[in-house]
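Now for the letters of each chain:
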Amino acid sequence: MHLHKYEKVWLIFGSGSLVLFLLILGFGAFYLGTHPQSHGATIDPENIEANEAFQRENLGLTQVDDDRYIVNVVASAFNYDLGSDEEGNPVSHIEIPKGSTVLFQVVTTDVIHGFNVAGTNVNMMVEPGYISSLEVELNQTGEFTLVCNEYCGVGHHNMFATVEVVDDESGNETAAE
């Protein structure tokens, strides 16, 4: 079988690109240990309250050390559940001091949701049956919108909250909006 010169060039280019891609993928997966975000922890989406972190009283912002916080969130049907304030109103606004290390832990009870704090590097896909977690240091002050960036149904546009990073230490309380 005779191949034209240009066919040989493109065949070599395509095969070389495939080999290069597979080498890069293998390097990231095996040497660097890259894996999907929800790789480690699983949870029963029908019974998330069995996990202590996602019991009603543990949702939202919790201070665990001087500059360390945990934010536990349940994403479901067009809502981020960040717990309730003292009056029983749903929390939709949290304040965190600048420079704090925050562990975001998110689960969903229904469909795939996104978890994106716009303007920061917090961006996760939340899948039923997995605990998505990401630890970040928030060094930029401002008010950031927490949005669902995975289409989850007709009320998708109503799924948001706000995360405010404040300069002073007065921001370690959860505030309802």
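Everything that follows concerns the structure shown earlier in this document.
All values reported here derive from a predicted model rather than from experimental measurement. (Residues numbered from 1 in each chain as written. Predicted model: local features only at pLDDT ≥ 70, side-chain atom pairs only at ≥ 80, totals over all residues. Heavy atoms only, no water.)

Overview of the nonpolar core
Here is the rule we go by: We define the nonpolar core as a collection of buried residues of types Ala, Val, Leu, Ile, Met, Phe, Trp, Tyr and Cys that are connected through side-chain atoms lying within 4.5 Å of one another. Burial classes: relative accessible area under 20% of the type maximum marks a residue as buried, over 50% as exposed, and values in between as partly exposed (1.4 Å probe, protein chains only). A run of DSSP states H or I qualifies as a helix once it reaches four residues; a run of E qualifies as a strand once it reaches two. Both are numbered from the N-terminal end. Whether two residues touch is decided by their heavy atoms; if any such pair falls within 4.5 Å, the residues are in contact.
Membership of the largest hydrophobic core comes to 28 residues, with the highest contact counts inside it found for Val 71, Tyr 80, Ile 96, Phe 104 and Phe 115. Every element with two or more residues in this core is listed here: β2 (68–76), β4 (93–97), β5 (100–108), β6 (113–117), β7 (122–126), β8 (132–138), β9 (142–147) and β10 (160–166). Residue contributions to this core peak at four residues, all from β2. Apart from the residues within four sequence positions on either side, Phe 115 is in contact with Val 73, Tyr 80, Phe 104, Val 106, Val 122, Asn 123, Met 124, Val 126, Leu 146, Val 147 and Asn 149.

Re the environment of Glu 135
Tracing the sequence through the fold places Glu 135 in strand β8. Taking C-alpha positions, Glu 135 is 4.1 Å from Leu 103, a pair spaced 32 residues apart along the chain. The contacts of Glu 135, once residues within four sequence positions are left out, are Arg 68, Thr 101, Val 102 and Leu 103.

Describing the pattern of salt bridges
So the rule is basically this: Any carboxyl oxygen of Asp or Glu that lies within 4 Å of a side-chain nitrogen of Lys or Arg is treated as forming a salt bridge with it.
Tallying each qualifying case throughout the model produces two salt bridges. As a salt-bridge pair, Asp 81 and Arg 56 come within 2.4 Å of each other at their nearest N and O atoms. With Asp 81 in strand β3 (residues 79–81) and Arg 56 in the loop between α1 (5–31) and β1 (60–65), this pair connects stretches of sequence that are 25 residues apart. In this structure, Glu 135 engages Arg 68 in a salt bridge whose closest nitrogen and oxygen atoms are separated by 2.6 Å. Here Arg 68 lies in strand β2 and Glu 135 lies in strand β8, a separation of 67 residues in the sequence. Taking the relative accessible area as the measure of exposure, Glu 135 reaches 45% and is therefore partly exposed. Residue Arg 68 is classed as partly exposed on the basis of its relative accessible area, which comes to 32%.

Regarding the environment of Asn 123
Quick note on the threshold: Between N or O atoms, a polar contact is any pair within 3.5 Å; within protein, one atom must be a potential hydrogen donor and the other a potential acceptor, and residues adjacent in sequence are included only when both atoms are from side chains.
Along the chain, the position of Asn 123 falls in strand β7. C-alpha separation for the pair Asn 123 and Leu 134, spaced eleven residues apart in sequence, amounts to 8.5 Å. A polar side-chain atom of Asn 123 sits 2.9 Å from a polar atom in the side chain of Asn 149.

Topic: the pairing of β7
Just so we agree on the cut-off: Here, strands pair whenever DSSP counts at least two bridges between them.
A one-sided burial pattern is seen for β7, the buried positions being Val 122, Met 124 and Val 126 and the unburied ones Asn 123 and Met 125. Judged from the five bridges that link them, β6 and β7 form a sheet pairing that is antiparallel. Bridging across to β7, Asn 116 finds its partner in Asn 123. Remark: four residues form the turn of the hairpin made by β6 and β7, two consecutive strands paired antiparallel; Gly 119 in that turn has positive phi of roughly 95°.

Let's talk about a nonpolar patch on the surface
Counted only if it meets this: Here the term patch refers to residues with relative accessible area over 30% and no salt bridge, with like charges joined within 9 Å and nonpolar side chains (Val, Leu, Ile, Met, Phe, Trp, Tyr) within 5 Å. Areas reported as accessible are Shrake-Rupley estimates using a 1.4 Å probe. Residue values count occlusion only from the protein chains shown.
A grouping of Leu 18, Phe 21, Leu 22 and Leu 25 is seen on the molecular surface, where their side chains present a nonpolar patch of about 410 Å² in accessible area. Structurally, Leu 22 can be placed in helix α1. On the basis of relative accessibility, which here comes to 47%, the residue Leu 22 falls in the partly exposed class.

These figures capture arrangement, not role.
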